[in-house]
Amino acid sequence: MSGMPGKKKSLEIQPELIQNIAWGHVRTQVLATAVELDLFSAVHNGNGAVEKIARNLNLPLRSTRMILDALVGMGLVGKTRGLYKLEPEARTFLLRGEPGYLGAFLQFDEFSRHGWSALTHTVQSGKPLSEFVLPDYRKKFFQELVKRIFPLSYASSIALCKKLGIGKKLKNQKILDVGCGSAAWSIAFALADDIRRGIVREALVALADPQAQVTAVDFPEVLEITQNFVQRFRLQKQFELRGGDFHTLPFPAESYDAVILGHICHGEGEAATRKLLKKSYDALKPGGKLLIAEFIANDLRSGPELPMLFALNMLLFTEHGDVFTTKEMRRWLSFVGFKKIASMAVQYPVTVIAATK
């Protein structure tokens, strides 16, 4: 009889957590298929009836109903009296042609899923997959990646601009965007607050500060993408594009009001990050701000979940990359000489650490 309480307790523990994790790849594939079929637009543009959605997409009725019901279970689609409608997250981020559309990024993620199949080998060896660290491959990869993640980074930068008071409290900024990619982080700094949300519209862009100047640094291959976005927003007069490796390119001393490291540090690892923090400090004017956008782990490295998973992403695809904690960043920034350091949550899951010289 003494063993009975233990048996009862074991029966009370359910495998829900493990089952949900095990089926996680299925949820990813359902979302990818729905994006590929543009199912969310069909739901949004129709009357919510499964028959009309299936007819508009030229899909069988049975399979349409099944995938829609799966999306209902996942929380992306609602269902009332047999009619389907988009939930707010799907309406904001999964409608093709809308400013926040993430479908292009989700479809590109097939590359990442292929790499994750080698996780066991990578954990055992401690080394990334060899093809992903070749310089030519990485340049081509980033050329494609920066286009697809523009809505994510841009939305985070909008939130950051509002918190900092760009165009209101802070004007006449001279900005260095390091590893700029599509310039998603720095473009938002040059736009008037009331038009930042219209990023996909081909409207004339009003400048918050005609005197603001951005120096955007990245590999020449990536700067081709940067130039396209800068031209799209008609900000050519505000941007100077500087091609090269930011590790070796000199940054002029005490020349900038702000230096942006938008999702750069996690690919660098600790040693290279600390060198980059010092290089950025030297490039800032007194009172200037270093803005570091990252997936930040808590100080115990016990969460949040996404940064913990992203650290493994760095293990797979980089030689030294990792995610860092706020405590680590504060210590490194203080050692360099920064005096005032603050953390700001922007769009999930990004945190921006702002350090003042």
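Keep in mind the model is a prediction, meaning the values are calculated, not measured.

A. Fine view of the pattern of salt bridges. Scanning all chains against the criterion turns up twelve salt bridges. Between Arg-65 and Asp-69 there is a salt bridge, with the nearest N and O atoms lying 4.0 Å from each other. Separated by four residues within a single helix, Arg-65 and Asp-69 lie in helix H6 (residues 61-74), roughly one turn from each other. Overall, the relative accessible area of 37% leaves Arg-65 in the partly exposed class. Overall, Asp-69 belongs to the partly exposed group, its relative accessible area being 25%. A salt bridge links Glu-254 to Lys-357; the shortest N-O distance between them is 3.8 Å. Here Glu-254, found in the loop between strand E5 (239-243) and strand E6 (256-262), pairs with Lys-357, found in the segment after strand E9 (351-356); they are 103 residues apart in sequence, far enough to count as distant. With relative accessibility at 47%, the residue Glu-254 sits in the partly exposed group.

B. Looking closely at the environment of Ser-186. Mapping Ser-186 onto the fold places it in helix H13 (residues 184-190). Each C-alpha atom, one on Ser-186 and one on Gln-213, is 9.8 Å from the other, the two residues being 27 residues apart in sequence. Not counting residues up to four positions away in its chain, the partners in contact with Ser-186 are Asp-177, Val-214, Phe-239 and Ile-260.

C. Representation of the sheet that holds strand E3 (residues 174-178). Read from one edge to the other, the open sheet built from seven strands follows the order E5-E4-E3-E6-E7-E9-E8, with strand pairing classed as mixed. The sheet terminates laterally at E5 and strand E8 (340-345), the two strands that pair on one side only. Here the average twist between neighbouring strands, direction ignored, is 15 degrees. With respect to the sheet, helix H12 (residues 150-164) is in contact with strand E7 (284-294), E8 and E9, its orientation differing from that of E8 by roughly 130 degrees.

D. Layout of the environment of Lys-85. Checked against the element boundaries, Lys-85 lands in strand E2 (residues 83-86). Considering only alpha carbons, one finds Lys-85 and Ala-42, 43 residues apart in sequence, at a separation of 9.9 Å. Apart from the residues within four sequence positions on either side, Lys-85 is in contact with Val-43, Val-77 and Gly-78.

E. Expanded view of the side chain of Ser-255. Topologically, Ser-255 is positioned in the loop between E5 and E6. Polar side-chain contacts of Ser-255 include one of 3.3 Å to the backbone oxygen of Pro-252. Setting aside residues no more than four positions away along its own chain, Ser-255 makes contact with Lys-174, Ala-283, Leu-284 and Lys-285.

F. The pairing of E9, seen in detail. Burial within E9 is extensive, with six of its six residues counted as buried. Along E9, one buried face is formed by Thr-351, Ile-353 and Ala-355 and the opposite face, lined by Val-352, Ala-354 and Thr-356, is buried too. Across six bridges, the pairing between E7 and E9 is antiparallel. Residue pairing across strands places Glu-294 opposite Thr-351, the latter belonging to E9. Where E8 and E9 come together, six bridges link them in antiparallel fashion. Following the sheet pairing, Ala-345 is matched in E9 by Thr-351. Connecting E8 to the next strand, E9, in antiparallel fashion are five residues.

Calculation notes
- Residues numbered from 1 in each chain as written.
- Predicted model: local features only at pLDDT ≥ 70, side-chain atom pairs only at ≥ 80, totals over all residues.
- Heavy atoms only, no water.
- Salt bridge = Lys/Arg side-chain N within 4 Å of Asp/Glu carboxyl O.
- Helix = DSSP H or I, 4+ residues; strand = E, 2+ residues; numbered from the N terminus.
- Buried < 20%, exposed > 50% of the residue type's maximum accessible area, 1.4 Å probe, protein only.
- Contact = heavy atoms within 4.5 Å.
- Pairing = 2+ DSSP bridges.
- Axes fitted to C-alpha atoms, helices over the stretch in contact; angles between N-to-C directions.
- Polar contact = N/O pair within 3.5 Å; in protein donor to acceptor, adjacent residues only side chain to side chain.

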